Each structure stands twice: as C-alpha cells, then as structure tokens.
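# Architecture and fold: a report
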Amino acid sequence: MQDRRDFPQQGFGMFQTVILISMVIASPLFAEEWRTAQPHYPWSFPQDHWARTEYKTEWWYFTGHLETATGQKFGYQFTFFRVGLMPQKSELNSEWATNQLIMGHAAISNLNDTTHVFSEVLYRTTPLLGGFGVFPDTLIAWSRGPTGTAKKWTLQWNGVAFDFSMADNAQDMAFELQTYPQKPLILQGPNGYSRKGKSDNAASQYYSFTRLKTQGKLTVGGETAVVTGASWMDKEFGSNQLGDHQTGWDWFSLQLNDGRDVMLYILRDSTGATDYARGTWSDAEGRVHHLSRGDFDVRATTYWKSPNTHAQYPTTWQVQINGQVWQVIAMMANQENRGSRIERLFYWEGAVSVRDLDGKQVGKGYVELTGYGTGMRPGI
C-alpha cells in the first residue's frame, strides 16, 4: 500500500476539509476533551437540530432537485459546517476571539445548459462574521456572504423543517428555499450511531430528512425563477477523523419513485478499494432498514476527467441492493466543486438519475465523491 504522501494533488471533500482545518489550527492538548459519538446517544428533537458545540465537527447538508413552472431543471447543494478549534471558549477579552469556525458551501447545477457554479464562505464565529444560534431561537446558523455580497447566508428552523438562503454576487447565484417534511426524520445507523470504520471511535451521530418538499426562488446566470421540488437533509456531528488509511468516500442519497429512499456510503483506502461501507433504506412509510457491506454492491462503469483538476470521477454506477439492480447516472458530468479559500479543495457533488435495467427512470438523487485526484485510482 502506498503512503498518502505520494498523492500531493489529492482533492479534499467536505469531511476531509473540516478535519484538515481543525487539525491544523486546534491544539493537540485538547484532543481528549471533545465528546465522541456514542451508540446510546439520547436524541432530543428539535433541540438536536441546533449546534452541538461539545463535538469537534458538525454539518447541516442539503441537496435537491428543483424545477420552474416552464420545466427548467436544477440540482442544488447547501451546507454549513461547524469546525471546533478547542473545547473551551477563549479567555481573551476580544470579540475576535473564538473557539470555532463556520464554513459554507453552495452549488447550482443548471441541468438545462449543463453549467455548474460553486460558492464558499469561511469565517471565525464572531458577532460580525457568523455564528450559531441556541435553541429555541429559530436561527440555527448564519454567516456573512462572500466578499462583495451584502446578503447573509442563513439556516433557520421553520417549526417543522428548515429554511435557508445564500447569495454570491460574483458567481451570479443565489437561492432562498423553504422545506417541509414529507416523511419522518430517520436515524442513520442503529440509534443514529453511524460507524465509519472498525474502531468504535470511528463514528458520528447521524440523522436525515430523506424527503423534504421544497419551494422558493433561485437565481443563476442573471435570471431569477420560482422553483419547487424535493430535497434531502443530513446532519452529522462527532469528533473523530477518517483513519490514516482512508482517503475519501462515495456517498449516495437516492429518492425512488415508489417512495423508498436509499443512503449508501463507501469509504476507500489509498489503493481505491472499499475499506468500510454501510447504508440504509427506508420504505414509503419511513420504516428504516440498515444495510451492512454484504447487503449491497456499487460498481462504477463510466468516468469523467476534470479539465481543471485532472481528477477522474465515476459518473455512472450499477447499484445492487438485496438483489435489486439500478443504474445511477450523473445528469451532467461536470459537477465538480473547486474552492479558493482552502488550498486543494475540490470534490464532485452532483445530481443523478436512477434507472432500471430497461432504462426507465425510477428515481433521482445526489452523489458526493471525495478524495479523487492525481495518483488516486478511480472506482470502488
């Protein structure tokens, strides 16, 4: 097995980026003072939608498919991250002193003309730059927009689900979206304890709203339109990074036309082989079934090479779960997010369709691919 240092151009995804920031900035003296994910976490909703600052890393993640009244189709992503720098608040008497950062990512895939735009923010949590609300305030998280954009990025609780907004004047993109649950919240993994490796410490607390009715406004390419559609929401928090031998993951969220929803994640080692994999599927009524590695198989069949980063990503997969087989196909190849705030940040986050073996569309979804780059072998 090759050492990870052999891959200096490797792209970081969202999870790796959060961990990288906290590793670089946080003092190792505090490493054992963060809370870790536990199998018997006492969930409390809606309080657990707000920040859990006793954990080192946390994110609120939304993806979805939107459509205008005239049939224009878009995919979108919106994510807020909380990055803990140290467990305690700083004793410095300054409004600039902080023990955490807020990072935001947003993207729009225009599925009509195959253009993809990405925006990012990264700030320390201070009264002027960004922060996290405290239950029962409706505001969960907020930050200033990118340089040159006056509008803030916000995430709020609307009483049943989430409203969120972002804008980036330089990228000519914005959205304001409201969501409403169509299925109950589900816990990913037994009691929301989501293992990411063989060690008990390699885990997060993880839950999802797999179907959120979505409406609002979207701006891209100088045009603003009213949109409707469906979204998927994930929330994870924990204090443990990927293992040294794990270099990235492939993550799938699939919403099938028959009401079933599927989540799969496959963590890869430095050879590109599967190191750890788990999943869930929920039926139309929201009943959850946990999937172990032997319950499903994912095989990439076609690839796309980025002209900007030269990373080669899979864009078509054959997915088999308990004997049922689908084709998962990227709706457009170039859905790579490339950051500028953090060196070497790039990953693929894209809208996909789900088809049966006869080619009939039976669902939609989103796929995230991290850790692909020069020297990495694509595939699973």
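Report on the accompanying structure. (Residues numbered from 1 in each chain as written. Predicted model: local features only at pLDDT ≥ 70, side-chain atom pairs only at ≥ 80, totals over all residues. Heavy atoms only, no water.)

### Focus: the overall build of the protein chain
A count of helical and extended segments in the protein chain gives one helix and 23 strands. For the protein chain, with 380 residues in total, the buried portion stands at 57%. Of all intrachain contacts in the protein chain linking residues separated by at least 6 positions in sequence, the fraction that spans at least 24 positions is 58%. (Helix = DSSP H or I, 4+ residues; strand = E, 2+ residues; numbered from the N terminus. Buried < 20%, exposed > 50% of the residue type's maximum accessible area, 1.4 Å probe, protein only. Contact = heavy atoms within 4.5 Å.)

### Regarding the pairing of strand β18 (residues 296-305)
Within a regular strand, side chains alternate between the sheet's two faces. For β18 and strand β19 (residues 312-321), the ladder comprises nine bridges, and the chain directions are antiparallel. Each bridged residue has a counterpart across the sheet, and for T302 the counterpart in β19 is T316. Turn length for the β18-β19 hairpin, with the two strands adjacent in sequence and antiparallel, is six residues, and the turn residue H310 shows positive phi of about 65°. (Pairing = 2+ DSSP bridges.)

### Quick notes on unusual backbone geometry
Residues F45 and P46 are joined by a peptide bond in cis, for which omega reads 10°. Positionally, P46 belongs in the loop between α1 (14-25) and β1 (57-67). P136 follows F135 through a cis peptide bond whose omega is 15°. If you trace the backbone, P136 turns up in the loop between β5 (130-132) and β6 (139-143).

### Concerning the pairing of strand β12 (residues 203-220)
With 15 of its 18 residues buried, β12 lies for the most part within the structure. In the sheet, strand β9 (residues 173-181) pairs with β12 via nine bridges, with the strands oriented antiparallel. Its bridge partner being in β12, Q178 is matched across the sheet by Q215. Alignment of strand β10 (residues 186-187) against β12, held across two bridges, turns out to be antiparallel. In the strand pairing of β12, L187 is matched with Y207. Examined bridge by bridge, strand β11 (residues 193-195) and β12 share three bridges and lie antiparallel to one another. Bridging from a neighbouring strand, R195 pairs with A203 of β12. Two elements, β12 and strand β13 (residues 223-238), share 14 bridges in a ladder whose sense is antiparallel. Each residue of the ladder has a partner; that of L212, found in β13, is S231. Here β12 hands over to β13 after two residues, with G221 in that stretch at a positive phi of 60°.

### A closer look at the packing of aromatic side chains
To describe a pair of aromatic rings, you give the distance between the ring centres and the angle between the ring planes. The final tally for this structure, using the stated rule, is 29 aromatic pairs. Relative to Y207, the ring of W43 lies with its centre 5.6 Å away and its plane at 90°, an arrangement referred to as edge-to-face. In this pair, W43 sits in the loop between α1 and β1 while Y207 sits in strand β12, placing the two residues 164 residues apart along the sequence. By the burial criterion, W43 is buried, and Y207 matches it. When the centroid spacing of 5.3 Å and the interplanar angle of 85° are considered together, the rings of F252 and W317 count as edge-to-face. With F252 in strand β14 (residues 246-256) and W317 in strand β19, the pair connects residues that are 65 residues apart, well separated along the chain. The class of F252 is buried, set by a relative accessible area of 0%. Its relative accessible area of 0% is what places W317 among the buried residues. A connected cluster of aromatic rings, assembled from ring pairs, spans W50, F62, Y76, F78, F80, F135, W153, W157, F162, F164, F175 and F209. A cation over a ring is seen here: R293 above F296, with NZ or CZ 5.4 Å from the ring centre. (Phe/Tyr/Trp six-rings, centres within 6.5 Å; stacked < 30°, edge-to-face > 60°. Lys NZ or Arg CZ within 6 Å of the ring centre and 35° of its normal.)

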